[in-house]
Amino acid sequence: MNSPEDEKRINAIRMLSIDAVQKANSGHPGLPLGAAAMGYTLWTRHLRFNAADPRWVNRDRFVLSAGHGSMLLYSLIYLTGLGLTLDDLKNFRQLGSKTPGHSEAHVTPGVEVTTGPLGQGFANAVGLAIAEAHLGATYNRAQKIVDHYTYCIASDGDLMEGVASEAASLAGHLKLGKLVVLYDDNQVSLAASTDVTFTEDRVGRFAAYGWHTQTVDRDNGNDVMEIDAALAAAKADPRPSFIAVRTTLGYGSPRANTFAAHGEPLGPDNVKKTKEFFGWPLEPDFYVPDDVLAWWRDAGRPGAALEDAWKKDYTEWKTAEPQLAAQFERTQAAALPLKLSWPSFNKDNGAVATRDSAGTAMNAIAAELPELIGGSADLDPSTKTYLKGFGDFQPGEYAGRNIHFGVREHAMGGIANGLTAHGGIMPFTATFFNFLDYMKPSVRLAALNKSKVIFVFTHDSVFLGEDGPTHQPIEQLATLRATPYMTTIRPADAVEVVAAWKFALEHGGPVALVLTRQKVPFLGEREAPVARGAYVLSGDAEPDLILIATGSEVSLALDASIILQAQAIKTRVVSMPSMECFAAQDEAYRDSVLPPAVRARVSIEAASTFGWQRWVGDRGISIGLDRFGASAPAAAIAKAFGFTAQDVAATASRLFASV
Ligand SMILES: Cc1ncc(C[n+]2csc(CCOP(=O)(O)OP(=O)(O)O)c2C)c(N)n1
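What you see as residue numbers is a count from 1 along each chain, following the sequence as written. Thresholds applied to this predicted model are a pLDDT of at least 70 for local features of residues and 80 or more for the giving and counting of side-chain atom pairs; totals over whole chains, interfaces and linings are not thresholded and use all residues. Side-chain measures here rest on the full set of heavy atoms in the structure, leaving out hydrogens and waters.

Draft legend 1. Inspection of the nonpolar core at higher detail. Core analysis: the biggest nonpolar cluster contains 82 residues, and Trp501, Ile604 and Phe643 have the highest contact counts within it. The numbering of helices and of strands both runs from the N terminus, where a helix is a DSSP run of H or I of at least 4 residues and a strand a run of E of at least 2. No other element matches the ten residues that helix 19 (residues 494-506) contributes to this core. Grouped together as the second largest cluster of nonpolar side chains are 70 residues, Ala171, Phe328, Met439 and Leu480 included. Residue types Ala, Val, Leu, Ile, Met, Phe, Trp, Tyr and Cys, when buried and joined through side-chain atoms within 4.5 Å, form a set referred to as a nonpolar core. Using a 1.4 Å probe on the protein chains alone, a residue whose accessible area is under 20% of its type maximum counts as buried, one over 50% counts as exposed, and one in between counts as partly exposed.

Draft legend 2. Here's a closer look at the sheet that holds strand 3 (residues 179-185). As summarised here, the arrangement of the five strands in space is 1-2-3-5-4, forming an open sheet in which the pairing is parallel. Lying at the two open borders of the sheet, with one neighbouring strand each, are strand 1 (61-64) and strand 4 (212-216). Direction aside, the axes of adjacent strands within the sheet are offset by 15° on average. DSSP-based pairing: two strands are paired if at least 2 bridges between them are found. Fitting a line to C-alpha atoms yields each axis, with helices limited to the stretch in contact; the angle taken between N-to-C directions then spans 0 to 180 degrees.

Draft legend 3. Highlighting the pattern of salt bridges. Note on definitions: salt bridges are taken to be side-chain nitrogens of Lys or Arg within 4 Å of carboxyl oxygens of Asp or Glu. Applying the stated criterion across every chain yields a total of 29 salt bridges. One salt bridge connects glutamate 329 with lysine 318, and the closest N-O pair in it is separated by 3.1 Å. Here lysine 318 lies in helix 12 (residues 302-320) and glutamate 329 lies in helix 13 (residues 322-332), a separation of eleven residues in the sequence. Here glutamate 329 falls in the partly exposed class, since its relative accessible area comes to 32%. Members of the salt-bridge network, linked through shared partners, are Asp6, Arg9, Arg45 and Asp228.

Draft legend 4. Spatial organisation of the packing of aromatic side chains. Geometry of aromatic contacts follows a simple scheme: Phe, Tyr and Trp rings, the Trp one being its six-membered ring, pair when their centres are within 6.5 Å, and the pair is stacked under 30 degrees between planes, edge-to-face over 60, tilted otherwise. For the coordinates displayed, the defined rule picks out 32 aromatic pairs. With 6.1 Å between their ring centres and 70° between their planes, tryptophan 56 and tryptophan 310 make a pair best called edge-to-face. Of this pair, tryptophan 56 sits in the loop between helix 2 (30-45) and strand 1 while tryptophan 310 sits in helix 12, and the two are 254 residues apart along the sequence. Of the two residues, tryptophan 56 and tryptophan 310, both sit in the buried class. Counting as a charge over the ring demands two things of the Lys NZ or Arg CZ atom: a distance within 6 Å of the ring centre and an angle within 35 degrees of the ring normal. Over the ring of phenylalanine 656 we find arginine 599; its NZ or CZ atom is 3.9 Å from the centre of that ring.

Draft legend 5. Up close: the site of the ligand. In these notes, residues near a molecule or strand are those with any non-hydrogen atom within 4 Å of it. Neighbouring the ligand are 15 residues, the closest being His68, Ser155, Gly157, Asn186 and His262. With respect to the ligand, the side chain of histidine 68 contributes an N or O atom lying 2.7 Å from an oxygen atom. Pairs of N or O atoms are called polar contacts if they sit within 3.5 Å, as long as, within protein, a hydrogen donor faces a hydrogen acceptor (for residues adjacent in sequence, only side-chain-to-side-chain pairs). A distance of 2.9 Å is found between a nitrogen atom of the ligand and a backbone nitrogen or oxygen belonging to glycine 116. For the accessible areas, the method is Shrake-Rupley and the probe is 1.4 Å, while residue cover comes only from the protein chains on display. Protein chains bury 75% of the 570 Å² of accessible surface belonging to the ligand in isolation. For this scheme, ten residues count as nonpolar: Ala, Val, Leu, Ile, Met, Phe, Trp, Tyr, Cys and Pro. Four count as charged, namely Asp, Glu, Lys and Arg, and the remainder, Gly too, count as polar. By residue class, the composition of the shell around the ligand is six nonpolar, seven polar and two charged.

Draft legend 6. Up close: unusual backbone geometry. A cis amide bond, omega -15°, links glutamate 283 with the succeeding residue proline 284. Within the secondary structure layout, proline 284 lies in the loop between helix 10 (268-277) and helix 11 (290-299). The backbone of aspartate 219 sits at a positive phi, close to 50°, despite the residue not being glycine. Relative to the assigned elements, aspartate 219 resides in the loop between strand 4 and helix 9 (224-236). Accessibility expressed as a relative area gives 40% for aspartate 219, which makes it partly exposed. A positive phi angle, close to 65°, is found at aspartate 378, a residue other than glycine. You can see aspartate 378 is positioned in the loop between strand 7 (372-376) and helix 15 (380-383). Classification of aspartate 378 by relative accessible area gives exposed; the value is 53%.

Below, the structure is given as structure tokens:
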């Protein structure tokens, strides 16, 4: 039985949540009503944070994976004084408010990661826990500078999504003992009871992943003592912990335990009945008794003493380890080192696949950039992204910088978002470009949140050859280019690769590096202004025809231009490694690269032509692939699909003659 004081404090969460949903006339009251007691117990008895300094480096991290229950989180942030006001709650779901429908980290103080697409938050939490383990192993000495827990509340929907299974499997293998997941086991989802969808033994599933598991089921998951004891046991166990809390969706409302409680306002009548059930005053809305609010604000305060004690340790540590501390402070501030030893390439290197030159580039700077950690989805011999000499991130070897994500692209994306959200880490991921589709939801959230993640994608076109159309990307470039805030770079040779990596390090958001499997020629020593998106690579100062190409097709364009010049067509070749960067340039620069009055423009890219019309204009032509590829050697594919210099030149000169 909870004390009357506990009950009032829990009810403050519930009442704020249902009032906000009702005022917005939209939202999800069911989860906050059912999960308020676990939110209360976790935030007031376990979570270490300082309300006066929400960004304290060594705070515990909290993830509400079920982002639709955002009012639970907003109520907790308001009550503890972490950063929201009552007016913010009253503006729930309104334009420009700090309280969007699903929690967005870049909008709301106190929100660690952006959640809403189910399962993502779970993977983010695994990423946060990996970050903690890695930074702890790297920086802790006599003093523990990074030493905190990561907590997550996950719902049925979260656990139904495959991404959570992938992440949970990896977390179990990695023995991430400071990760604690509270499962809001209410057995009701959006459209039905889980009887019709989700009947496996969830606790058994997590036990099989190697997690420590517990079940909490007294009083509809509302028993503070029981939750408290489970959290204490979870923290004491060296494995990641899963606590199934048997709750009631919409607890205390007339819609309790029905899917109607999940995602629509209760309605004024039901709000009234719910307040009566909890013995809460019916008026005014958003009411929290002064003594209850004062208690909550104090609950958010012990963190100040925790942070003070940490600062004392930090000062001692900094004195003992000045170099390490300088590195820690630089990486926490997301500043780059003053010097990075980029490799240089010249014609003696011959033809090099861009996956290889990229692997060389990232390895060349790895020692100077300790914050760069990541890995591939079981593909690093192919993606060339292994950081040689920097160890594997494995149980008990958390200082390793190579994370073996296994064949789990989706979790890899979600984990990378968690790694970057932690701070102090610049994560990279790697897989075949075609498998972007397996991680797209996480890539999209990186973009939405402007999270700094470097996504390496290799095997970037049909020219990967014999593996065939199941592996050959077609629409992936268009997909990434259509994603706001995403920067996609497809470099043409080793020089552009180095410039692309530089851009990725300096850029404040996610970058996709799209790289070849096959060798590409060296296109000459030069300054390649990749950050400008496109530039004149060769050809006439006053051209009549412009060939615009990306990646492996740039050398093809150069070859075709020689044929065209021989036909007395004044031809320019433009390399366009990044459409997004080029679109961001001023008009004068864009016009200098692509003079508007030029007679004809042709784009060449072995991928969907979608999106190219902007650059070739109404009179232009796009040579691309608006079909799936084929299983064959690369040379045969080039011939069959018209990607030879002769074919390109013929198409271009036909166009030239017709305009
Ligand atoms: C990837 C994804 N698919 C679908 C949805 C839409 N959706 C939101 S909540 C939900 C299921 C709700 O069930 P549960 O996770 O148990 O949450 P509860 O009903 O307990 O609030 C669905 C399907 C979503 N947010 N994300």
